[in-house]
Amino acid sequence: MEKYDGKNITIFVDADACPVKEEIASVAKKYKIPVCFIASYAHVGKKDDGNSWVFVDQEKESVDLYIFNNSKKHDIIITQDIGLAGMLLKKCTHVLSPRGMLFTEDTIDSVLHLRYISARERRNGNYIKGPKKFQDKDRHHFITAFEKILSNYAGNFKIHIE
């Protein structure tokens, strides 16, 4: 069994519009796994929360490119970006949405297909309602899914939990 030394796994967060940053930091601290929040320069502010913050250009895909270029096998990525999720799965990472949806090789094709259909409908002038407002049940679902991933790591990598 591979021994976890605190350096093998990183949690990357697409932080620009992530509604669960505090929850990520809290749960990751419990498992002693480092978190790297990535945001555009437009979101620079006082970040003295003890976590690592990386700021990138404001170009459309800068955060995505940083995460893709710096993540590695076994890392955990929190993002709402379905396209990024699809690319990251090929790197054998774990990708979780802020609503707690775990993207997998088995589910990503259908999620990407739904995104394609929605984009096609918008191009044709048919506007479908966007996602529902983020609620406490979404936050709870995220925490449950995130804890499940990290507890699996704890079992596989012998993580010491406080």
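Residues numbered from 1 in each chain as written. Predicted model: local features only at pLDDT ≥ 70, side-chain atom pairs only at ≥ 80, totals over all residues. Heavy atoms only, no water.

A. How the structure looks around the overall build of the protein. A count of helices and strands for the protein gives five helices and six strands. When the helices and strands of the protein are placed in sequence order, the string is β-α-β-β-α-β-α-β-β-α-α. Looking at the protein as a whole, 39% of its 162 residues qualify as buried. Summarising the internal contacts of the protein: among those between residues at least 6 apart in sequence, 56% fall at separations of at least 24. Split by element, the accessible area of the protein, about 9,900 Å² in all, is 53% carbon and sulfur. (Helix = DSSP H or I, 4+ residues; strand = E, 2+ residues; numbered from the N terminus. Buried < 20%, exposed > 50% of the residue type's maximum accessible area, 1.4 Å probe, protein only. Contact = heavy atoms within 4.5 Å. Areas by Shrake-Rupley, 256 points an atom, 1.4 Å probe, with all protein chains shown as cover.)

B. A look at the packing of aromatic side chains. Applying the stated criterion across every chain yields a total of three aromatic pairs. Seen from their ring centres, phenylalanine 37 and tryptophan 53 are 4.8 Å apart, and the 20° between their planes marks the pair as stacked. Of this pair, phenylalanine 37 sits in strand E2 (residues 35-40) while tryptophan 53 is found in strand E3 (residues 52-56), placing the two residues 16 residues apart along the sequence. Ring geometry for phenylalanine 142 and phenylalanine 146: centres 5.3 Å apart, planes at 25°, overall stacked. One end of the pair, phenylalanine 142, and the other, phenylalanine 146, are both in helix H5 (residues 136-157), four residues apart, so they sit about a helical turn from each other. The exposure class assigned to phenylalanine 146 is buried, which follows from its relative accessible area of 0%. The structure contains a cluster of three or more aromatic residues connected by ring pairs, namely Phe37, Trp53 and Phe55. The ring of phenylalanine 68 is capped by lysine 91, whose NZ or CZ atom sits 4.6 Å from the centre of that ring. (Phe/Tyr/Trp six-rings, centres within 6.5 Å; stacked < 30°, edge-to-face > 60°. Lys NZ or Arg CZ within 6 Å of the ring centre and 35° of its normal.)

C. Expanded view of the nonpolar core. Residues Ile11, Val13, Ile24, Ile78, Phe146 and Leu150 are the most contacted members of the largest nonpolar core, which totals 26 residues. Where this core is concerned, the elements lending two or more residues are strand E1 (11-14), helix H1 (21-31), E2, E3, strand E4 (76-78) and H5. Sequence-distant contacts of isoleucine 78, that is, excluding residues within four places in its chain, are made with Ile11, Phe12, Val13, Asp14, Cys18, Ile24, Leu96, Ser97, Pro98, Phe142 and Phe146. Counting residues in each nonpolar core, the second largest holds 15 residues, with Val63, Ile67, Leu89 and Phe103 among its members. (Core = buried A, V, L, I, M, F, W, Y, C linked by side-chain atoms within 4.5 Å.)

D. Here's a closer look at the side chain of serine 97. Summarising the element assignment, serine 97 is placed in the loop between strand E5 (94-96) and strand E6 (102-103). Excluding residues within four positions of it along the chain, serine 97 makes contact with Ile78, Thr79, Phe103 and Phe142.

E. Examining the side chain of serine 62 more closely. Secondary-structure assignment places serine 62 in helix H2 (residues 62-70). When sequence neighbours within four positions are dropped, the list of residues in contact with serine 62 reads Val56 and Asp57.

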